[in-house]
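Analysis of the macromolecular model
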Amino acid sequence: MMGDSVVKINGVYLTESNAIGRLKSHPLQLTCDGGFREIKEQEMFKGTSSLPSHLTSGGDQGKRRARTLSCPSSSDLSRLQTKAVSKANLQEKEAEIEVDEVFWNTRIVPILHELEKEENIETVCAACTQLHHALEEGNMLGNKFKRRSILLKTLYKLVDVGSDLLSLKLAKIILALKVSRKNLLNVCKLIFKISRSEKNDSLIQNNSVLESLLEVLRSEDLKTNSEAFLYCMGTIKFISGNPGFLNEIINKGAVDILMNLIRQINENTKKCSTCSPNLGHLLVQVTATLRNLVDSPLARSKLLSVSAIPQLCTVMEQYVGDKDVCTNIVRIFSKLTSYHDCCAALANYSRCYALFLNLINNYQKKQDLVIRIVFILGNLTAKNNQAREQFSKEKGSIQTLLSLFHTFHQLDLHSQQQAYEGAELPQAQGPPSKAEDVLIKLTRLLANIAIHPGVGPALAANRPVVGLLLTMLEYKSLDDCEELVINTTATINNLSYYQVKNSVIQDKKLYIAELLLKLLVSNNMDGVLEAVRVFGNLSQDRDICDFIVQNNVHKFMIALLDAKHQDICFSACGVLLNLTVDKDKRVILKEGGGIKKLVDCLRDFGRTDWQLACLVCKTLWNFSENITNASSCFGDEDTNTLLVLLSSFLDEELALDGSFDQDLKNYHKFQWETEFKPVAQQLLKRIQRHHTFLEPLPIPSF
């Protein structure tokens, strides 16, 4: 015994060499498998230079394989603890609380004996659990007490055993004893090492280690322990990727703790006027964790309640040069803005538009980042007219989108050329390429902002914008990339709504009409619908009406009335209405049973869509301008059907007796009164004046 260091604990002698019995005889060192063994001891605490690569980069969600990491051994832990004790000042020693001698001898010492003599891992783990409960009962956790350093030293020796379960139990006790600085760092490293393997998730969960880690983030000083926080967050990030952990993490207050951490970092960065690399690495882990948590409705609600969105935007403003941090936050926003309340909260942060544009300009060729930013902007402008205006008013907004459009258009052309050169046979349409995906999101954003009456006309007059859209239709087919072609056509439709003098759409109207013909004859109903909508706007022009008749497009429109698709019937009817403005073209409704199909649309959709019913009535009104006899104009059967339908639809009680909620009822009543009723009354009177009733008409049932 003389050769061994002897520790006296209240009259009981324990030797350091035998502190864990025969367990110590096994050469189980706390080293990391794979590439970890190459790390030298002196490299362990060099700060950021020895940080694991995964903690200094965005990383891939769900992947936890070999990473550079410095891991503490028992000698590191014991040496640091001894050093810490030697440096403890007198005030700290005076602050140590006395331990009840009887409690120590009867409850703690017997467990230490168990830890000394047992060689079975399970028994040692059970003893650790007993020790934790005893310390808690004796009010020793979270406090400095006499013999605390001896207790910690004993625990550190057990780290060499190499059992992940035992290491977690030890780490939990050590953290509960409120270690600091290097010791705190080493414990966090130890837990991080264990968390690298997904098979240990259940161990972490069953031993409530998460609560201990969150307590570190909640109570310890960020500035003093930034590296320990980094490893701590690395572990939490890992386990947050496990869906089984989500509710537990959120219920233990993780969102509040992480957002408080972000606020501290923002305040620190603002004070220092510089971005700390250590805090940047920490932000990568914090934001990656939040990215995982926002899949939960509870987390989204919590983020809104603590005003997280402005804080996250501030992070991006301050760390705009850190791609990993920005990418994580953009991923968070891309998830959040899929929900109306979160989308509204971001839209209300007026600085977000300039921030997103700045990010696009900084990372224009980083597809994974810009595609999400454009997706977010598309969500913000989807249903918010103020967002459309605010974005468009930002300096250089449209030019930034054009530049991005051009960049990814060129990338798409290049990849398409390579595909054609390398493929002997035509390939079936697969998922969009990365370049196509960006273009899809860009055209959606342009379509959204074009809805604003103060923005749309300017875009319609913007030659580069219109030129790029037409280029899309020129070289892309539905077979190449369906969503891109449909989004492009939808954008052209929104721009064609504006009948402004300097509109490029109006200048190119005949060329656009030619490009749309291939969509009309496709089997893709979404593509057909968007093409018909464009024709609905363009057919207000006489040249386009002539084009429609010359190319038999009107026959497609009449045929589409049979589609039993309300939106398609509405758009096709709009084209036919514009054609019947010209007296010479009204006869086309006689072709293909046009009158009967219009009457069928009125019957099928009238009571649920008064705008469509109004279009049908207007078309029939134009058609019957020179009527002398209703039956010869519409045909006997269609005349009788019109008389019955119009009479019943003009009866307010019958017409508006639908099973809608109050808001929808009010909307339907407004459309019925302002759009349908005036023209329907006039059409009914005209038919009645020119019709001879031979027998009473039956009252229809609905």
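Each chain has its residues counted from 1, running along the sequence as written. Thresholds applied to this predicted model are a pLDDT of at least 70 for local features of residues and 80 or more for the giving and counting of side-chain atom pairs; totals over whole chains, interfaces and linings are not thresholded and use all residues. To obtain the side-chain values, all non-hydrogen atoms of the structure were used and water was disregarded.

- Per an unreviewed UniProt entry, the protein chain goes by the name Armadillo repeat-containing protein 2 isoform b and belongs to Daubentonia madagascariensis.

Section: the overall build of the protein chain
- A count of helices and strands for the protein chain gives 37 helices and two strands.
- Burial status across the protein chain gives 52% buried among its 702 residues.
- Where accessible areas are quoted, they stem from the Shrake-Rupley method and a 1.4 Å probe; at the residue level, only the protein chains shown are allowed to cover. With the model as given, the accessible surface of the protein chain reaches about 31,900 Å², and the carbon-plus-sulfur share is 49%. Secondary structure elements are defined from DSSP: runs of H or I of at least 4 residues count as helices, runs of E of at least 2 residues count as strands, and each element is numbered from the N terminus. Buried means the residue's accessible area, taken with a 1.4 Å probe over protein chains only, is under 20% of the maximum for its type, while exposed means over 50%, and partly exposed covers the values in between.

Remarks on the packing of helix α6 (residues 164-176) against helix α7 (residues 181-195)
- One way to put it is that α6 packs onto α7 with a least axis distance of 10 Å and a crossing angle of 150°. When the axes of α6 and α7 are compared, the pair comes out roughly antiparallel. The two elements α6 and α7 cross, and the hand of that crossing is left-handed. From α6, Asp164, Ser167, Leu168, Ala171, Ile174 and Leu175 reach across to α7, where they touch Leu184, Val187, Leu190, Ile191, Lys193 and Ile194.
- Residues of the contact of α6 with α7, tallied by class, amount to nine nonpolar, one polar and two charged. For helices, the axis comes from a line fit to the C-alpha atoms of the stretch in contact; other axes are also lines fit to C-alpha atoms, and the angle between any two N-to-C directions lies between 0 and 180 degrees. In this scheme, roughly parallel covers angles under 35 degrees and roughly antiparallel covers those over 145, while 65 to 115 is roughly perpendicular and the rest are oblique. When the near helix sits turned anticlockwise from the far one by under a right angle, the crossing is termed left-handed; a clockwise turn instead gives a right-handed crossing. We call two residues contacting when some pair of their heavy atoms lies within 4.5 Å. Any residue that is not Ala, Val, Leu, Ile, Met, Phe, Trp, Tyr, Cys, Pro, Asp, Glu, Lys or Arg is counted as polar, Gly included; the first ten are nonpolar and the last four charged.

Examining the packing of aromatic side chains
- What counts as a ring pair is set by centres within 6.5 Å for rings of Phe, Tyr and Trp (its six-membered ring), and what kind of pair is set by the plane angle: stacked under 30 degrees, edge-to-face over 60, tilted for all other angles. Taken as a whole, this structure holds eight aromatic pairs when the rule is applied.
- On the numbers, 5.5 Å between centres and 90° between planes, the contact of Trp610 with Phe649 is edge-to-face. One end of the pair, Trp610, is in helix α33 (residues 610-623); the other, Phe649, is in helix α35 (residues 636-649), with 39 residues separating them in the sequence.
- Judged by its relative accessible area of 2%, Trp610 is buried.
- The exposure class of Phe649 is buried, given its relative accessible area of 1%.
- Across from the ring centre of Tyr339, 3.7 Å away, lies the NZ or CZ of Arg300, which sits over that ring.
- In this structure, Arg686 is placed above the aromatic ring of Trp621, and the distance from its NZ or CZ to the ring centre is 3.4 Å. Two thresholds decide whether a charge sits over a ring: the Lys NZ or Arg CZ must be within 6 Å of the ring centre and within 35 degrees of the ring normal.

Let's talk about unusual backbone geometry
- Not every positive phi belongs to a glycine, and Ser208 is a case in point at roughly 55°.
- Residue placement: Ser208 occurs in the loop between α8 (201-206) and α9 (209-219).

What about the state of the cysteines?
- Throughout, a disulfide means two cysteine sulfur atoms within 2.5 Å of one another. Using the criterion set out here, one finds zero disulfides in the structure.
- A disulfide-free cysteine, Cys343 has its sulfur positioned 8.6 Å from the sulfur of Cys342, the nearest such atom.
- Look at Cys343 and you get buried, because its relative accessible area is 9%.
- No disulfide involves Cys601; its sulfur sits 3.6 Å from the nearest other cysteine sulfur, which is in Cys569.
- Looking at Cys601, the relative accessible area reads 3%, which means it is buried.

Points about the packing of helix α5 (residues 148-158) against α6
- Where α5 contacts α6, the two axes come as close as 10 Å, and the packing angle between them is 160°. Here α5 is positioned roughly antiparallel relative to α6, judged by the angle of their axes. Crossing of α5 against α6: the hand is left-handed. Here α5 contributes Leu152, Leu155, Tyr156 and Leu158 to the contact with α6, which in turn contributes Leu166, Leu170, Ile173 and Ile174.
- Residue composition of the contact of α5 with α6, by class: eight nonpolar, no polar and no charged.

As for the side chain of Lys441
- Relative to the assigned elements, Lys441 resides in helix α22 (residues 434-449).
- What Lys441 contacts, discounting residues up to four positions off in sequence, is Ile371, Val374 and Phe375.

Quick word on the environment of Val528
- Examined against the element boundaries, Val528 turns out to sit in helix α28 (residues 525-538).
- Spatially, the C-alpha atoms of Val528 and Ile486 are 9.0 Å apart, while their sequence positions differ by 42 residues.
- Aside from chain neighbours lying at most four places away, what touches Val528 is Leu519, Leu520, Ser522 and Leu560.

A word on the pattern of salt bridges
- A pair is scored as a salt bridge if a Lys or Arg side-chain nitrogen falls within 4 Å of a carboxyl oxygen belonging to Asp or Glu. Evaluation of the coordinates by the stated rule reveals 23 salt bridges.
- With a shortest N-O distance of 2.5 Å, Glu215 and Arg218 are connected by a salt bridge. Remark: Arg218 and Glu215 occur in helix α9; sequence separation between them is three residues, near one turn of the helix.
- Measuring nitrogen to oxygen at the nearest pair gives 3.3 Å for the salt bridge that ties Arg463 to Asp507. One end of the pair, Arg463, is in helix α24 (residues 463-475); the other, Asp507, is in helix α26 (residues 504-507), and 44 residues separate them in sequence.
- The exposure class of Asp507 is partly exposed, given its relative accessible area of 49%.
- Because the salt bridges share partners, they merge into one network encompassing Lys564, Lys596, Asp600, Arg603 and Asp604.

Focus: helix α12 (residues 254-272)
- Any helix carries an expected span of 1.5 Å times its number of residues minus one. Here α12 contains 19 residues, and its C-alpha end-to-end distance of 27 Å stays within 8% of the 27 Å for a straight helix at 1.5 Å per residue.
- All of the buried residues along α12 are Ala254, Val255, Ile257, Leu258, Met259, Leu261, Ile262, Ile265, Asn266 and Thr269.
- The elements touched by buried residues of α12 are α9, α10 (226-240), α11 (246-251), α13 (277-293), α14 (297-305) and α15 (308-318).

As for the nonpolar core
- By size, the foremost hydrophobic cluster in this structure holds 219 residues, and its most contacted members are Phe333, Phe356 and Phe676.
- Ranked by the residues each element gives to this core, the list is headed by α33, at nine residues.
- Sequence-distant contacts of Phe333, defined by excluding residues within four places in its chain, comprise Ile309, Leu312, Cys313, Met316, Leu346, Phe356 and Ile376. In plain words, nonpolar cores are sets of buried Ala, Val, Leu, Ile, Met, Phe, Trp, Tyr and Cys residues tied together by side-chain atoms within 4.5 Å.

Re the side chain of Ser624
- Along the chain, the position of Ser624 falls in the loop between α33 and α34 (630-634).
- On the accessibility criterion, Ser624 (0% relative accessible area) is buried.
- Think of a polar contact as two N or O atoms within 3.5 Å of one another; within protein, one of them needs to be a possible hydrogen donor and the other a possible acceptor, and neighboring residues in sequence only count if both atoms come from side chains. Reaching out from Ser624, the side chain makes a polar contact with the side chain of Arg686 at a distance of 3.0 Å.
- Dropping the residues within four chain positions of it, Ser624 is found in contact with Cys633, Phe634, Leu683 and Arg686.

Quick look at the confidence of the model for the protein chain
- Values of pLDDT, which run from 0 to 100, indicate the predictor's confidence residue by residue. For the protein chain, per-residue confidence averages 83 on the pLDDT scale, and 81% of positions sit at 70 or higher.
- Scored below 50 in pLDDT, residues 65-70 shows 25 contacts in the model against residues more than four places distant or in partner chains.
- Every residue in residues 78-94 scores below 50 in pLDDT, and together they form 13 contacts with partners more than four places removed in sequence or on other chains.

Quick notes on the environment of Thr154
- Within the element layout of this structure, Thr154 appears in helix α5.
- Taking the relative accessible area as the measure of exposure, Thr154 reaches 10% and is therefore buried.
- Between the C-alpha atoms of Thr154 and Glu116, which are 38 residues apart in sequence, the distance is 9.1 Å.

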